[in-house]
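A structural walkthrough
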Amino acid sequence: MQATSHEFKANAHKALGDRNLQAALGILKRDFPGRRAAAVDRLPEFEQLRDEGRAIKNHTLAHLDLYLEAFEQKVTSLGGQVHWAADAAEARDQILAICRAAGARTVTKGKSMISEEIALNDHLEKNGIEPVETDLGEYIIQLRHETPSHIIGPAIHLVKEQVADTFRDAHTHLDPARPLSEPRQLCDEARALLRPKFLAADVGITGANFLVAETGSSIIVTNEGNGDLTQNLTRVHIVITSIEKMVPTLEDVSTLLRLLARSATGQEFSTYTTVSSGPRRPGDADGPEEYHVVLLDNGRSAMLGTEFQDMLRCIRCGACYNHCPVYGTVGGHAYGWVYGGPMGSVLTPQLVGVEEAGNLPNASTFCGRCESVCPMKIPLPKMMRHWREREFERHLQPPVYRAGLAAWSWLARNPPLYRLATEIGAAVLGWAGRSRGRFRALPLAQGWTNGRDLPAPEGKTFMALWAERQKRAR
Amino acid sequence: MPDSRERILGNLRRSLRRGGDGDAASAAVRARLAEHRANTIPARATELDRDGRIRLFQAMAEEVAATVAHVTSLDDVPDAVADYLARHNLPSDMVVTEDPELAPIPWERRPTLALRPGVATGADLVGVTGAFAAVAETGTLMLVSGPGMATRNNFLPDNHIVVLRADQIVPSYEEGWERLRALKTLTDGKFTMPRTVNFVTGPSRTADIELKIELGAHGPRRLHIVIVDDTPSD
Amino acid sequence: MSDSVAGSPIRVGLFVTCLVDLFRPSVGFAAVKLLEGAGCRVEVPAAQTCCGQPAYNSGDRADTKVIARQVISAFAGFDYIVAPSGSCAGMLRTHYPELFADEPAFLPEVEQFAERVHELVSFLTDVLKMERVAARYDGVATYHDSCSGLRELGVRAQPRQLLRSVAGLTLRELPGADVCCGFGGTFCVKYPDISEKMASDKIADAAATGADTLLAGDLGCLLNMAGKASRQGRNLRVRHVAEVLADMTGELPPIGAAERR
């Protein structure tokens, strides 16, 4: 998917003026944090599980090569096939080859952010294969030719009226006068439409929330059951996953599953958590005959051993999105690529380059709310700061900004000059603003005063007043 | 591609500076996989007795919109199912898996029930399955695939009725895995997973439109659990 | 408590912060009043300028280190270092050690400095064990939790506890008190429209409580929120919590308001 992250400011500006988006984000901000907080309150062991989850992932990452090999061995022993893809192009080609070999005309898809990352759907379509998104949110945005704006709720940027319009435009065989004002009606319509597509598909492609090395399993977590209908009704099941989804044992993944739903939506457990291991067994009543796991690197191995390694602990719960005040203001599309919010601000520069995506780690106040809700205790603001350090080293920031900062730092390192400059500044601004107490406009300060007043200084600096006080006391 | 495999593993080994301590690392991995030790298990369910577990399972399942009925014998299951169908105005056709757990059920007690053993189709309104276990912690059913037990039977029918023995209710997922390992460890001592293990917590749902929860997205609209307890306390 | 000699007062070095120094020195004097009122001896090292956050958050570790060394050296020898700001105190306490993690020779001195740093209000309650203040404020106030103070230093209950002891003051909880106001240092001028929306949401939440007064412990947040409120023509008095606790609200107008007698 082509990144437009360099246009973040323009994207954000557009987002601020989008009334439907702002209404949708209002719902997200109102509902998600409370749901998560309630679920956390209900589980006294939650903090302990966060620590254990972090330890499980750190251990796995420190031994990732070995766990990947163990996983591959297990999958193969069950009759499945493992494919290794160094980058997006390789993964696309491998998946296309499997689909072609299966004679696939239509392919059903469970929700997979990796498939967005590698732009799989476009590739399949260009090669005459029809991908059908089955997660309701993904289905909606597929009809709209949009990308997901959130890693859990892809269509969360839309209000229900927009979804209704989309369905009316796309489902032309249905009565145009039918009522579509409620989510219930929209849901029923999608269910009826997608059911035959599930049954007619030749290949089912899912992602993986987790991989389990002990048993050679892939795990998907859904509420709809679409992932299950995707992977169970076709002859061929393809799992597309990045390598850091690995977890050692069933017991380890149980700990992570306890953290996932609670962090994502505030549910105790998602409706469907499915553990798939290889193709159908001899004698099984149903199940795919072929099971393929495409293991994608695409920049992950390069993150190990760097200051961005902790980002590999991410279990894609979306809690950081739901609690981020910046995401809550501009929505997911502003970030310009697959991943948004705080985790996207750390991961995107890594995967598409900091020249393209440098705005993302800069558009943060470092409020830290993301880190405080991350089930894996990922230090997100710290890593965003690391990106700013990389930009600083490479002189990627706007020259005016860099010069201003250099001037401030220089003054700060020279207390006597600093005192002089601040006394002058306080006096001038204090005098200029004395009658109103604030400035509606100020030269060189439009960034502030365009939308806010600037309160006027009192007129003297504390340090000067303190010196006076000390003199009087003698 | 052998090429990419070696590239990726090579990158990982380099990034991890895997050099001298290769043996120690391999030993650590082998040990963890072999021991599969449980991490912290929430006390919520583990501190309960049998009756407490049953009650917790029911409470958690009902919280996510499953419905629960109790019978004291498999003999009463046909009545329980017929009641359910009547309550929801459903026809009496149903697809039933060939789960050995269901074999003793005397369906002939309710002759109007029209059973079809086997694999569900997209047109089935009612499906009856057994379960492997059920997790009290979150009201979650654990269903496994196998001969006569199609995974799609858990997803295609509009109404999913699960016949569950009270003794199948375990406190948490970890006990479920223990039971599965015990069952599925072959004569050579190796544990082999079934193709599919489904953890099902309530009927299908989505909140993709304005975060409003709607049931019956693609999977069943309703989930009904009949708990068979032949040693109830009251 | 401190390890000062029994009977001698606790020596506190006041880290004034650049915003208080420049914009609202009265907050510094409120801090001094509170600290001296609790029996501390307050000194203000002259060599202080800035905590280094602007450089740090812009990725300039080198300049940040120079500034940090200057701060550490200027504040040598105090029992405690106190700042009327969660973000500056957070910088000194939690980030200076991270900054010098790659200098094992200097790190112990940094850690020894950092553990003596406190945000003002939490210092009064947690170290000096203050449970109430002798102050009066007639009004309905709501309190915004500055992000660094809240998440880096755990400042949450303490200002509420002391505010509840202020005679005449009714404290109403601010919905979303823990949501960022949009200041974020350089963020507010790098991404002004996003910052303004966040500030706007914050002011709307404050107004919805029916409070006539908005308080916080960080001047950056306060300048941002006051600036937004006055641009919107709202009747909201915005003050630093120290002004209320030190009973100094009669001596100066709220932030952004005109000097009017």
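Residues numbered from 1 in each chain as written. Chains lettered and ligands numbered in written order. Predicted model: local features only at pLDDT ≥ 70, side-chain atom pairs only at ≥ 80, totals over all residues.

Let's shift gears to the overall build of chain C. A tally of helices and strands in chain C yields 13 helices and 8 strands. Over its C-alpha atoms chain C spans a radius of gyration of 18 Å, differing by no more than 12% from the 18 Å that the globule rule assigns to 261 residues. Overall size of chain C, expressed as C-alpha extent along the three principal axes, is 55 × 45 × 30 Å. Within chain C, the proportion of its 261 residues that are buried is 59%. (Helix = DSSP H or I, 4+ residues; strand = E, 2+ residues; numbered from the N terminus. Rg over C-alpha atoms; globule rule 2.2 N^0.38 Å. Buried ≥ 20, exposed ≤ 12 C-beta atoms within 10 Å, placed from the backbone.)

This part covers the sheet that holds strand β3 (residues 114-117) of chain B. Residue and element names in this part refer to chain B. Ordered in space as β1-β12-β7-β4-β2-β3, the 6 strands form an open sheet in which the pairing is parallel. Two strands lie at the open edges of the sheet, namely β1 (67-71) and β3, each paired on one side alone. When the angles between neighbouring strand axes are averaged without regard to direction, this sheet yields 25°. Note: strand β4 (residues 126-129) against strand β7 (residues 159-165), 4 bridges, orientation parallel. Bridging across to β7, T129 finds its partner in V162. Sitting on the sheet, helix α5 (residues 77-87) is in contact with β1, β4, β7 and β12 (222-228), with an inclination near 155° to β12. (Pairing = 2+ DSSP bridges. Axes fitted to C-alpha atoms, helices over the stretch in contact; angles between N-to-C directions. Contact = placed C-beta atoms within 7 Å.)

What follows is about the interface of chain C and chain A. Each side of the interface is counted separately: chain C has 57 residues, and chain A has 51 residues. Listing elements by their share of the side of chain C that touches chain A, those giving two or more residues are α1 (18-23), α2 (25-37), α3 (53-57), α4 (61-74), α8 (147-153), α10 (187-190), α11 (192-208) and α12 (219-231) of chain C. By residue class, the composition of the side of chain C that touches chain A is 31 nonpolar, 13 polar and 13 charged. (Nonpolar A, V, L, I, M, F, W, Y, C, P; charged D, E, K, R; others polar.)

Attention now goes to the packing of helix α12 (residues 250-264) of chain A against helix α6 (residues 173-184) of chain B. Interaxial distance between α12 of chain A and α6 of chain B falls to 10 Å at its minimum, and their mutual angle equals 155°. The orientation of α12 of chain A relative to α6 of chain B falls into the category roughly antiparallel. In this structure, α12 of chain A meets α6 of chain B at a crossing whose hand is right-handed. Residue-level inspection shows L250, E251 and S254 of chain A of α12 of chain A in contact with α6 of chain B, the latter providing Y173, E174 and W177 of chain B. Grouping the constituent residues of the contact of α12 of chain A with α6 of chain B by class yields 3 nonpolar, 1 polar and 2 charged. (Parallel < 35°, antiparallel > 145°, perpendicular 65-115°, else oblique. Left-handed = near helix turned anticlockwise from the far one by under 90°.)

Okay, the environment of R151 of chain C next. Position of R151 of chain C among the secondary structure elements: in helix α8. The spatial distance from the C-alpha of R151 of chain C to the C-alpha of E115 of chain C is 16 Å, given a sequence separation of 36 residues. Here R151 of chain C is in contact with G368 and S372 of chain A, once residues within four sequence places are set aside.

Attention now goes to the domain arrangement of chain A. All names here are of chain A. Once the domains are mapped, chain A shows domain 1 (43-296), domain 2 (320-393) and domain 3 (399-473). Here domain 1 and domain 2 have C-alpha centroids that lie 24 Å from each other. The partner domain 2 presents 10 residues to the 14 residues of domain 1 that form the contact. Mapped by element, the contributors of at least two residues to the side of domain 1 that touches domain 2 are α3 (46-62), α6 (113-117) and α12. (Domains from an automatic or database assignment.)

Let us look at the arrangement of the chains. Highest in contacts among the 2 pairs of chains that touch are chains A and B. Across all C-alpha pairs, the smallest distance from chain B to chain C is 20 Å, and the two are not in contact.

Looking now at the pairing of strand β7 (residues 213-216) of chain C. For a regular strand, side chains alternate in direction, first toward one face of the sheet and then toward the other. All names here are of chain C. Residues T213 and L215 point to one face of β7 and L214 and A216 to the other, with burial holding for every one of them. Relative to β7, strand β5 (residues 136-143) runs parallel, the two being bridged by 3 bridges. Bridging across to β7, T142 finds its partner in L214. Taken together, the 4 bridges between β7 and strand β8 (residues 237-240) define a ladder with parallel strand orientation. When the sheet's bridge partners are listed, A216 is paired in β8 with H240.

Here we take up the interface of chain B and chain A. Opposite the 65 residues of chain B that make contact, chain A presents 78 residues. Listing elements by their share of the side of chain B that touches chain A, those giving two or more residues are α1 (2-15), α2 (22-35), α6, β9 (196-200) and β10 (205-206) of chain B. Sorting elements by how many residues they give to the side of chain B that touches chain A places α1 of chain B first, with 9 residues. Classifying every residue of the side of chain B that touches chain A by side-chain character gives 27 nonpolar, 23 polar and 15 charged. Here strand β9 (residues 272-276) of chain A runs beside β9 of chain B; their pairing, made up of 5 bridges, is antiparallel. Bridged to Y272 of chain A within β9 of chain B is V200 of chain B.

Positive phi outside glycine occurs at A119 of chain A, with the angle close to 55°. Positionally, A119 of chain A belongs in the loop between α6 and α7 (120-126). Its identity is not glycine, yet N89 of chain B carries a phi of approximately 55°, on the positive side.

So, about the sheet that holds strand β10 (residues 290-296) of chain A. Residues and elements named next belong to chain A. What the 6 strands build is an open sheet, ordered β1-β10-β7-β4-β2-β3; its pairing is parallel. Across the chains shown, the open sheet's two edge strands, defined by having one partner strand only, are β1 (81-85) and β3 (130-133). Shown here is a sheet whose adjacent strand axes are inclined to one another by a mean of 25°, direction ignored. By the bridge criterion, 4 bridges tie strand β2 (residues 106-109) to β3 in an arrangement that is parallel. Residue T106 lies in a different strand from β3, and its bridge partner there is E130.

Residues and elements named next belong to chain C. We note that the domain assignment places domain 1 (11-126) and domain 2 (131-245) within chain C. Here the C-alpha centroids of domain 1 and domain 2 sit 22 Å apart. At the interface, 29 residues of domain 1 touch 22 residues of domain 2. Mapped onto the side of domain 1 that touches domain 2, the elements with two or more residues apiece are α1, α2, α3, α5 (86-99) and α7 (120-127). The residue inventory of the side of domain 1 that touches domain 2, partitioned by class, reads 13 nonpolar, 12 polar and 4 charged.

Its 18 residues place the ends of helix α21 (residues 415-432) of chain A 25 Å apart at the C-alpha level, agreeing with the 26 Å of an ideal helix rising 1.5 Å per residue. Along α21 of chain A, the residues that are buried comprise Y418, T422, A426 and L429 of chain A. For α21 of chain A, the arc enclosing every buried residue in end-on projection is 80°, short of the 170-degree limit, so these residues lie on one face. Exposed side chains of α21 of chain A directed beyond 90 degrees from the buried face belong to P416, L420, I424, V428 and W431 of chain A. Check the buried side of α21 of chain A and you find it contacts α20 (399-412) of chain A together with α1 of chain C. (Expected span 1.5 Å × (residues − 1). Arc of directions from axis to C-beta.)

With that settled, consider the nonpolar core. Core analysis: the biggest nonpolar cluster contains 288 residues, and V294 of chain A, M142 of chain B together with A31, V82, L92, M225 and L245 of chain C have the highest contact counts within it. Sorting elements by how many residues they give to this core places α12 of chain A first, with 8 residues. In contact with V82 of chain C, other than residues within four places in its own chain, are V12, L14, F15, A31, L35, H118, L120 and F123 of chain C. (Core = buried A, V, L, I, M, F, W, Y, C linked by C-beta atoms within 7 Å.)

All names here are of chain A. It is at 10 Å that the axes of helix α9 (residues 160-170) and helix α10 (residues 183-200) come closest, and there the two elements cross at 35°. In the crossing of α9 with α10, the sense of the turn from one axis to the other is left-handed. Residues K160, V163, A164 and F167 of α9 lie in contact with α10, whose contacting residues are P183, L186 and E189. Split by residue class, the contact of α9 with α10 holds 5 nonpolar, no polar and 2 charged.

Over its 14 residues, helix α19 (residues 380-393) of chain A extends 20 Å from the first C-alpha to the last, a length consistent with the 20 Å expected when each residue adds 1.5 Å. The set of residues buried in α19 of chain A consists of L380, P381, M383, M384, R385, W387, R388 and E391 of chain A. For α19 of chain A, the elements touching its buried residues are α13 (319-323), α15 (341-352), α16 (354-357), α17 (359-362) and α18 (369-373) of chain A together with α3 of chain C. Count one or two residues on from α19 of chain A and you reach H395 of chain A, which has phi positive near 55°.

Turning our eyes to something else, we now look at the pairing of strand β6 (residues 217-222) of chain A. All names here are of chain A. Where burial is concerned, most of β6 is hidden: 6 out of the 6 residues are buried. Side-chain alternation along β6 places S217, I219 and V221 on one buried face and S218, I220 and T222 on a second face that is also buried. In this structure, the hairpin formed by strand β5 (residues 210-212) and β6 is closed by a connection of 4 residues, where G216 is found at a positive phi of approximately 65°. Across 5 bridges, β6 lies against β9 in antiparallel orientation. Counterpart to T222 in the pairing with β9 is Y272.

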